[in-house]
Amino acid sequence: MQVHVDLAVCQSHGQCVFGAPDVFSFDDDDQLRYSPSPPEERRADVIRAASACPVRAITVGPSGSGRPAA
Ligand code: SF4
């Protein structure tokens, strides 16, 4: 699974961090960090996290697809 967050759009709301804290987190400067290729079994939580993002900054796609589609 491929995950991409458009950090130019992200407003650090943090819903994704609550939805999948092993994939999304904030660093000491409150900048979002994320795993770009989390394990496939995390898909449900990642999809939920992407759906919860109020600015739709997160896209999720299959592994090997290059830049993930929505
Ligand atoms: S929920 Fe969206 S806006 Fe909030 S931190 Fe995550 S990616 Fe950024």
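Residues numbered from 1 in each chain as written. Predicted model: local features only at pLDDT ≥ 70, side-chain atom pairs only at ≥ 80, totals over all residues. Heavy atoms only, no water.

Draft legend 1. Quick look at the pattern of salt bridges. Overall, the coordinates contain five salt bridges when judged by the stated rule. Salt-bridge contacts for arginine 43 lead to glutamate 40; the nearest nitrogen and oxygen are separated by 2.5 Å. Overall, the relative accessible area of 40% leaves glutamate 40 in the partly exposed class. Between arginine 48 and aspartate 45 there is a salt bridge; the shortest N-O distance is 2.3 Å. (Salt bridge = Lys/Arg side-chain N within 4 Å of Asp/Glu carboxyl O. Buried < 20%, exposed > 50% of the residue type's maximum accessible area, 1.4 Å probe, protein only.)

Draft legend 2. A look at the nonpolar core. Counting 16 residues, the largest nonpolar core has Cys16, Phe24, Val46 and Ile58 as its most contacted members. Contributions of two or more residues to this core are made by strand E1 (2-5), helix H1 (15-19), helix H2 (43-52) and strand E4 (58-61). In this structure cysteine 16 touches Pro21, Phe24, Leu32, Ala49 and Ile58, once residues within four positions along its chain are discounted. (Core = buried A, V, L, I, M, F, W, Y, C linked by side-chain atoms within 4.5 Å. Helix = DSSP H or I, 4+ residues; strand = E, 2+ residues; numbered from the N terminus. Contact = heavy atoms within 4.5 Å.)

Draft legend 3. Geometry of empty space enclosed by the protein. Within this structure, the stated rule accounts for one cavity of 30 Å³ or more. When its volume is computed, the largest cavity comes out at roughly 90 Å³. (1 Å grid on protein atoms, 1.4 Å probe; cavity = no way out; pocket = protein on both sides within 12 Å on 5 of 7 lines; lining within 4 Å. Points joined across faces, edges and corners; volume = space filled by probe spheres on them.)

Draft legend 4. Layout of the environment of serine 51. Tracing the chain through its elements places serine 51 in helix H2. Relative accessible area serves as the criterion here: at 46%, serine 51 is assigned to the partly exposed category. Expressed as a C-alpha distance, the spacing of serine 51 and aspartate 27, which sit 24 residues apart in the sequence, is 22 Å.

Draft legend 5. Fine view of H2. What H2 keeps buried is the set Asp45, Val46, Ala49 and Ala50. On an axial view of H2, the arc spanned by its buried residues comes to 140°, and they lie on one face. For H2, the secondary structure elements touched by its buried residues are E1, H1, strand E2 (24-26) and E4. (Arc of directions from axis to C-beta.)

Draft legend 6. Spatial organisation of the site of the ligand. As a matter of local geometry, the ligand sits amid 13 residues, with Cys10, His13, Gly14, Cys16 and Cys53 nearest to it. Split into classes, the residues belonging to the shell around the ligand amount to eight nonpolar, five polar and no charged. (Near = heavy atom within 4 Å. Nonpolar A, V, L, I, M, F, W, Y, C, P; charged D, E, K, R; others polar.)

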